[in-house]
Structure formats: C-alpha cells, structure tokens
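Below are the chains, spelled out letter by letter.
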Amino acid sequence: MDGNGRWAQSRGLPRLAGHRAGTENLRVIIEACVEFGVKYLTIYAFSTENWERPPTEVRGLMRILEDMIDRQLDELNTKGVQIRHIGRLERIRPSLQKKILRAVELTRHNTRLVLNVAFNYGGRDEIVHAIQRIIQDGVKPEEVTPELVSRYLYTAGIPDPDLIIRTSGELRVSNFLIWQGAYAEWYITPTYWPDFDKEEFRKALEEYKRRDRRFGRIHTPT
Ligand code: FPP
C-alpha cells in the first residue's frame, strides 16, 4: 500500500492523513475482492523496518490498526472475511496484540475472503523465524524441502500469491513475501495507494489474465 506519504504531501497534509486515506481505500479493495471473487488478499501494512520511522508515525500506524479493528471487525466478520496476521507480535503493545488475536480468533471460520495482514512483517525475518523453529523441532537436513519450509512460514496453509501489486511506482520487493512470491506476477502502477480504486484494481486483474505464466518451464506443443 505504497505512496500514502506522497499522496498526503502532494495535498499539503501530514503523512498520517495519507495512511488514513489508505485505510479507507483498503475497504474499497476488500469490497472489490469479494465482488471479483478474489479469495486471498495480503496487505503490507507495517514492515519490520518501519520501526525506524519517526515515533509519531509509528504510533499513528499502530493506532490506525487498532481503530480499524475496533470499528470494522464486526462488519468484516459479517461479510465473511477471515483475518489472519503475518509477522511478529513481539514489540507490538500488549493491548493491540490482544485485539489482533481476538480478530483472528473471531473470524477463523470465515471463508469468503482471507485477509492476511502483514504487520510487523519482514520476509527475511519470517525465514529466520522458520529456520529457528525447524531446528528446534529437530528436523533432519534431508527432510528440509521447499514444502516443509512453506509449512513453517507465517503463511502456512495459504497458497503462494499469484499477483503482487505495488502502487506508487517503486521497482523493488521491499522484503515482502520473498519466499512465497518466487513466481508471482508483478503489477506496478504509478498511482498512489489511496487513489488505487476498484477500476485500477480491475485493470491489474485484467492485465494478470493476459500474462503467460510458465514457472520456469517452456510450452510444449500439444
Ligand atoms: C507505505 O506508504 C505505507 C505504509 C508504510 C503503511 C500502510 C498502512 C496503512 C495504509 C494502514 C492501513 C492498514 C492497517 C491494517 C494498519 P509510505 O508511507 O511509504 O508512502 P511514501 O512512500 O509516499 O512515503
């Protein structure tokens, strides 16, 4: 959900106003996922590196997540959205940790859309965490396979992403789903996240539909 800060700055607003507009837009995209039949949506809301931002912005982002849970949890639950958290709970204040766990617990049987919230998430951190647990579990080296590693990631049980959308034109991965995204299709748009509306989303899905996914193979004539 990149570009919130620049969206705000271009309007002479504080950065947090951009994050709030971005949060409103998230509602639009969740609705669109339900309408278009998208089954899994992962949003990158706070990275392990975002702690380095000014304390006011970090606090603001924590508050936005808390407000979102307070105000929208019931509605999301009624819509059939299953909320999952990927990332570390450590360092997040205990009251917010509790709310995250409650949202996950309340919605765990919902099936219309799985909303993965990457919060205090980093791809390298996730892989390190997985390796630590693999070693703790005494897994033998020859038992370590890509499938086993996938089962130790925060996204265990969730399919790898087909499409990763990056808004605001940046051409980098930024530590997002670096294992799971190995064969994801990328769609990059200059549009800032708060302006990435349903029509832009439809365009991204239409472009995805035209991609030829080969997963490293070549097409063999039939
Ligand atoms: C990137 O834009 C965006 C973020 C680091 C935060 C995104 C978070 C939200 C929209 C809050 C919503 C959701 C939840 C569930 C907490 P940027 O700040 O890097 O923008 P810039 O590159 O223009 O400065």
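Residues numbered from 1 in each chain as written. Predicted model: local features only at pLDDT ≥ 70, side-chain atom pairs only at ≥ 80, totals over all residues. Heavy atoms only, no water.

Asker: Lay out the overall build of the chain with the relevant residues and their values.
Answerer: For the chain, the helix and strand inventory stands at seven helices and five strands. Ordered by position in the sequence, the α and β elements of the chain form the string α-α-β-α-β-α-β-α-α-β-β-α. The C-alpha radius of gyration computed for the chain amounts to 18 Å, which stays within 12% of the reference 17 Å derived for 222 residues, consistent with globular compactness. Dimensions of the chain, computed from the C-alpha atoms along their principal axes, are close to 55 × 45 × 35 Å. Per-residue burial for the chain yields a buried fraction of 45% across its 222 residues. Excluding contacts between residues fewer than 6 apart, the proportion of contacts in the chain whose partners are at least 24 apart in sequence is 73%. Taken as two groups, the 35 positive and 31 negative side-chain charges of the chain have centres that lie 2 Å from each other. (Helix = DSSP H or I, 4+ residues; strand = E, 2+ residues; numbered from the N terminus. Rg over C-alpha atoms; globule rule 2.2 N^0.38 Å. Buried < 20%, exposed > 50% of the residue type's maximum accessible area, 1.4 Å probe, protein only. Contact = heavy atoms within 4.5 Å. Lys, Arg positive; Asp, Glu negative; His and termini not counted. Charge placed at Lys NZ, Arg CZ, Asp CG, Glu CD.)

Asker: Before we move on, can you summarise the site of the ligand with the specific residues and values?
Answerer: For the ligand, the set of nearby residues contains 17 residues, the closest of which are Asp 2, Gly 5, Arg 6, Arg 15 and Arg 53. Take Gly 3: an N or O atom from its main chain is 3.4 Å from an oxygen atom of the ligand. Within the contact set of the ligand, an oxygen atom lies 2.8 Å away from a side-chain nitrogen or oxygen of Arg 15. Contact with the protein chains removes 92% of the 620 Å² of surface that the ligand exposes when unbound. Here the shell around the ligand takes four residues from helix H3 (residues 55-78), the largest share from any one element. Tallied by class, residues from the shell around the ligand come to seven nonpolar, six polar and four charged. (Near = heavy atom within 4 Å. Polar contact = N/O pair within 3.5 Å; in protein donor to acceptor, adjacent residues only side chain to side chain. Areas by Shrake-Rupley, 256 points an atom, 1.4 Å probe, with all protein chains shown as cover. Nonpolar A, V, L, I, M, F, W, Y, C, P; charged D, E, K, R; others polar.)

Asker: Residue-level account of the side chain of Gln 72, with values.
Answerer: Of note, Gln 72 is situated in helix H3. Not counting residues up to four positions away in its chain, the partners in contact with Gln 72 are Arg 27 and Asp 67.

Asker: Tell me about the packing of helix H2 (residues 15-36) against H3, and name the residues and values.
Answerer: One can describe the packing of H2 onto H3 by two numbers: an axis separation of 10 Å at closest approach and a directional angle of 25°. One element, H2, and the other, H3, form an angle in the roughly parallel class. When you trace H2 past H3, the crossing you get is right-handed. Of H3, the residues touching H2 (which contributes Arg 15, Leu 16, His 19, Arg 20, Thr 23, Leu 26, Arg 27 and Ile 30) are Thr 56, Glu 57, Gly 60, Leu 61, Ile 64, Met 68, Gln 72, Glu 75 and Leu 76. (Axes fitted to C-alpha atoms, helices over the stretch in contact; angles between N-to-C directions. Parallel < 35°, antiparallel > 145°, perpendicular 65-115°, else oblique. Left-handed = near helix turned anticlockwise from the far one by under 90°.)

Asker: I'd like to hear about the environment of Glu 170, residue by residue, with values.
Answerer: Here Glu 170 lies in the loop between strand S4 (163-166) and strand S5 (185-188). On the accessibility criterion, Glu 170 (19% relative accessible area) is buried. As a C-alpha pair, Glu 170 and Pro 55 span 115 residues in sequence and 24 Å in three-dimensional space. Not counting residues within four places of it along the chain, the set of residues in contact with Glu 170 comprises Asp 2, Arg 6 and Ile 188. At 3.2 Å, the side chain of Glu 170 and the side chain of Arg 6 are in polar contact.

Asker: Lay out the layout of surface pockets in plain terms, naming residues and giving numbers.
Answerer: To find leftover empty space, a probe the size of one water molecule is rolled over the atoms. Approximately 230 Å³ is the volume attributed to the second largest pocket. Considering the residues around the second largest pocket, the lining is formed by Leu 16, Arg 20, Thr 23, Glu 24, Arg 27, Gly 60, Arg 63, Ile 64, Asp 67, Met 68, Arg 71 and Gln 72. If you list the elements that add at least two residues to the lining of the second largest pocket, you get H2 and H3. Of the residues assigned to the lining of the second largest pocket, the class counts are three nonpolar, three polar and six charged. (1 Å grid on protein atoms, 1.4 Å probe; cavity = no way out; pocket = protein on both sides within 12 Å on 5 of 7 lines; lining within 4 Å. Points joined across faces, edges and corners; volume = space filled by probe spheres on them.)

Asker: Break down unusual backbone geometry for me, citing the residues and quoting the values.
Answerer: Located in the positive-phi region is Ser 168, a residue other than glycine, with phi close to 75°. You can see Ser 168 is positioned in the loop between S4 and S5. Positive phi, normally seen in glycine, also occurs at Ser 174, with a value near 50°. Relative to the elements of secondary structure, Ser 174 occurs in the loop between S4 and S5.

Asker: Explain the nonpolar core to me, using residue names and the numbers behind them.
Answerer: Within the largest apolar cluster, 34 residues are counted, with the highest numbers of intra-cluster contacts made by Ile 30 and Leu 41. If you tally residues by element for this core, the top one is H3, at eight residues. Setting aside its immediate chain neighbours within four residues, Ile 30 contacts Leu 41, Leu 76, Val 81, Leu 113 and Leu 115. Tyr 121, Tyr 154, Phe 176 and Ala 184 belong to the second largest nonpolar core, which has nine residues in total. (Core = buried A, V, L, I, M, F, W, Y, C linked by side-chain atoms within 4.5 Å.)

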